[in-house]
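Here is how the chains run, residue by residue.
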Amino acid sequence: MASLAGGEELDDSELIRKVDASDMLGVLSSMPEQVRKAYALPRPRLGTSKPKLVAVLGMGGSAIGGDLLGACLLEKKGPQVIVNRDYRIPEFVGKGALVFAVSYSGNTEETLSGFGQAKKRGCRIVTISSGGKLQQLGDPATHIALPKGLQPRAAVAWMLVPMLGMLEDIGAAPARADVEEAAQILEGIMKELAPSVPASNNISKAVAAQLHGAFPMIFSGPLLAPVAKRWRTQLNENAKMLARDDVLPEMDHNDLVAWSEDPMAARCAIILLRDTAEHPRVARRMELTRRLGLDRARSVREVSSRGRGTLARLLSSMAVGDFASVYLAVLRGVDPTPVRVIEELKKELAG
Ligand code: PA5
């Protein structure tokens with residue numbers, strides 16, 4: 001691999017330890033283990049009838065697993081997945097739907113509200129939380145208990161993988177081989193992204209250096225759209241930084257105009273998430289979109305997914321962004337773990 005540029009400050013392990021005081025990097029490094037353990041968690045028996053619709057109710061770090069689940073099922077003949085980030089659930093979520101109510105804390109009010117409506121409508125419901133009201137209100141026979149003490153966004157595999165497992169159990173989508181492939185690929189990636197790997201060989205450190213001091217924009221094709229969103233939200237919460245995500249081909253029908261003309265482009269740093277199995281026309285569009293607009297940005301870097309199965313491709317692309325967001329927090333001198341303003345807002349809402 002050609003040597004990567006920038007980020008040498010991140011080769012100071014003492015600095016990383018000092019800024020990443022609650023060891024977010026350590027938690028992220030346990031992702032392969034999380035994937036395997038989450039698949040091995042005891043799962044509720046949901047019978048054999050396959051739902052046509054799966055509705056994942058969740059917010060923020062507890063919702064992204066739903067987006068990833070939906071992406072996994074795009075390449076399988078599984079049910080349609082919707083992710084509901086609201087107090088109300090759509091009218092079409094009825095008796096026949098399978099509902100996953102997911103809240104790491106178990107106390108997120110939008111999720112609890114949606115759960116209450118799903119219950120009234122007689123939906124088949126599984127609750128997933130590390131405790132809280134959701135656990136109390138849910139049926140113990142269809143509750144998945146998550147390990148406590150994590151930030152929701154650091155527990156994404158704990159929330160995603162059991163949902164895949166349950167769909168597999170009811171014959172709606174095979175998961176076992178995909179889960180194992182993803183865990184193996186992640187193991188390799190963890191070695192490459194570790195703080196001990198120098199910036200010259202560590203893509204996440206190089207990405208952090210690239211995005212530092214710029215306005216980050218994360219773009220992808222449709223399959224990796226949830227990953228682009230995850231990169232953005234990890235930059236928001238870990239690096240405490242504004243960022244934006246968007247998707248091709250849609251952005252070629254609007255955003256591209258701005259890229260070709262707006263002087264702000266020079267302040268933006270772009271990550272283009274490339275998928276090994278992207279549609280050939282999306283691939284062609286990526287090249288043209290760069291040439292006709294994105295190359296006016298301060299920098300553009302392509303990050304490629306790895307693996308054959310959808311889950312591996314999603315999680316491998318996600319891991320690079322997760323680590324980069326923490327390295328960027330270190331460069332900015334901010335502790336990646338606390339999200340004080342979210343807690344403050346929740347307190348105000350509860351008051
Ligand atoms: O990352 C976070 O802390 C948030 O995005 C939370 O996940 C979000 O506020 C929802 O809370 P919970 O995951 O506990 O349902």
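The rules behind these values
- Residues numbered from 1 in each chain as written.
- Predicted model: local features only at pLDDT ≥ 70, side-chain atom pairs only at ≥ 80, totals over all residues.
- Heavy atoms only, no water.
- Pairing = 2+ DSSP bridges.
- Helix = DSSP H or I, 4+ residues; strand = E, 2+ residues; numbered from the N terminus.
- Axes fitted to C-alpha atoms, helices over the stretch in contact; angles between N-to-C directions.
- Buried < 20%, exposed > 50% of the residue type's maximum accessible area, 1.4 Å probe, protein only.
- Right-handed = clockwise from strand over helix to strand, strands pointing away.
- Near = heavy atom within 4 Å.
- Polar contact = N/O pair within 3.5 Å; in protein donor to acceptor, adjacent residues only side chain to side chain.
- Areas by Shrake-Rupley, 256 points an atom, 1.4 Å probe, with all protein chains shown as cover.
- Nonpolar A, V, L, I, M, F, W, Y, C, P; charged D, E, K, R; others polar.
- Salt bridge = Lys/Arg side-chain N within 4 Å of Asp/Glu carboxyl O.
- Arc of directions from axis to C-beta.
- Contact = heavy atoms within 4.5 Å.
- Patch = residues over 30% accessible without salt bridge, like charges linked within 9 Å, V, L, I, M, F, W, Y side chains within 5 Å.
- Core = buried A, V, L, I, M, F, W, Y, C linked by side-chain atoms within 4.5 Å.
- Expected span 1.5 Å × (residues − 1).
- Left-handed = near helix turned anticlockwise from the far one by under 90°.

This part takes up the sheet that holds strand 6 (residues 215-220). In any sheet, the strands associate via hydrogen bonds between backbone groups, in a parallel or an antiparallel arrangement. Strand order in this open sheet of four strands is 7-6-8-9, and the pairing throughout is parallel. At either margin of the open sheet sits one strand with a lone partner, and together these are strand 7 (244-247) and strand 9 (299-304). The average undirected angle you get between the axes of adjacent strands in this sheet is 20 degrees. In this sheet, strand 8 (residues 268-274) lies alongside strand 6 in parallel orientation, the contact comprising six bridges. Bridge assignment links Phe 215 to a residue of strand 8, and that residue is Cys 268.

A few words now on the pairing of strand 3 (residues 98-102). Burial analysis of strand 3 places five of its five residues in the buried class, the great majority of the element. Burial of strand 3 is two-sided: the residues Leu 98, Phe 100 and Val 102 facing one way and the residues Val 99 and Ala 101 facing the other way are all buried. Looking at chain direction, strand 1 (residues 53-57) and strand 3 are connected through four bridges and run parallel. Counterpart to Val 54 in the pairing with strand 3 is Leu 98. On the question of chirality, the crossover connecting strand 3 to the parallel strand 4 (residues 124-129) by way of helix 5 (residues 109-120) is right-handed.

In the vicinity of the ligand, the residues found are Met 59, Gly 60, Gly 61, Ser 62, Ser 103, Tyr 104, Ser 105, Thr 108, Pro 152, Arg 153, Glu 237 and Lys 346. Contacts to the ligand include Ser 103, whose side-chain N or O atom sits 2.6 Å from an oxygen atom. Tyr 104 has a polar backbone atom sitting 3.5 Å from an oxygen atom of the ligand. Within the complex, the protein chains bury 92% of what would otherwise be the 370 Å² of accessible surface of the ligand. Here the shell around the ligand is composed, by residue class, of three nonpolar, six polar and three charged.

A few words on the pattern of salt bridges. Between side chains of opposite charge, a pair can form as their charged atoms come close. Counted according to the given criterion, the structure contains 25 salt bridges. The partner of Asp 169 in a salt bridge is Arg 45, with the nearest N and O atoms 3.8 Å apart. In this pair, Asp 169 is assigned in helix 7 (residues 156-169) and Arg 45 in the loop between helix 3 (31-40) and strand 1, connecting sequence segments 124 residues apart. The class of Asp 169 is partly exposed, set by a relative accessible area of 31%.

A few words on unusual backbone geometry. The omega angle of the peptide bond from Leu 248 to Pro 249 is 10 degrees, so this bond is cis rather than trans. On the secondary structure map, Pro 249 appears in the loop between strand 7 and helix 11 (255-261). Phi angles above zero are rare outside glycine, and Lys 240 is one such case at about 55 degrees. Assignment of secondary structure puts Lys 240 in the loop between helix 10 (225-237) and strand 7.

Where helix 3 is concerned, the buried positions are Met 31, Pro 32, Gln 34, Val 35, Ala 38 and Tyr 39. Along the long axis of helix 3, the arc covered by the buried residues comes to 160 degrees, so they all point the same way. Residues of helix 3 that are buried sit in contact with helix 2 (24-29), helix 7, helix 8 (176-193) and helix 13 (310-332).

What follows deals with a nonpolar patch on the surface. Residues Tyr 87, Leu 345 and Leu 349 make up a contiguous nonpolar surface patch of roughly 290 Å² in combined accessible area. Within the fold, Tyr 87 resides in the loop between strand 2 (80-84) and strand 3.

By size, the foremost hydrophobic cluster in this structure holds 84 residues, and its most contacted members are Leu 69 and Phe 100. When residues of this core are assigned to their parent elements, the largest contribution, 14 residues, is made by helix 13. Setting aside residues up to four positions removed in sequence, Phe 100 forms contacts with Val 54, Ala 55, Val 56, Leu 57, Leu 69, Val 126, Ile 128, Met 163, Met 166 and Leu 167. Ranked by size, the runner-up nonpolar core spans 15 residues in total, among them Ala 55, Ile 82, Val 99 and Leu 134.

With that out of the way, let us pick up helix 10. For helix 10, with 13 residues, the first-to-last C-alpha span of 18 Å sits near the 18 Å given by 1.5 Å per residue. For helix 10, the full list of buried residues reads Ala 225, Pro 226, Val 227, Ala 228, Arg 230, Trp 231, Gln 234, Leu 235 and Glu 237.

Turning to the packing of helix 3 against helix 7, a few remarks are in order. For any two helices packed against each other, one specifies the inter-axial angle together with the distance between the axes. Where helix 3 contacts helix 7, the axes come no closer than 8 Å and their chain directions differ by 35 degrees. In terms of crossing hand, the pair formed by helix 3 and helix 7 is right-handed. Two secondary-structure elements touch here, helix 3 through Met 31, Gln 34, Val 35, Lys 37, Ala 38 and Tyr 39 and helix 7 through Val 156, Ala 157, Trp 158, Val 161, Pro 162, Gly 165 and Glu 168. Looking at the contact of helix 3 with helix 7 residue by residue, the classes come out as nine nonpolar, two polar and two charged.

Moving on, we get to the sheet that holds strand 1. Ordered in space as 2-1-3-4-5, the five strands form an open sheet in which the pairing is parallel. The sheet is open, and its two edges are formed by strand 2 and strand 5 (143-145), each paired on a single side. For this sheet, the mean angle separating the axes of adjacent strands, direction not counted, is 15 degrees. Bridge analysis of strand 4 against strand 5 gives three bridges, and the strand direction is parallel. Of the residues in strand 5, the one forming a bridge with Ile 128 is Ile 144.

Honestly, that's just the spatial picture; any functional story needs more than this.
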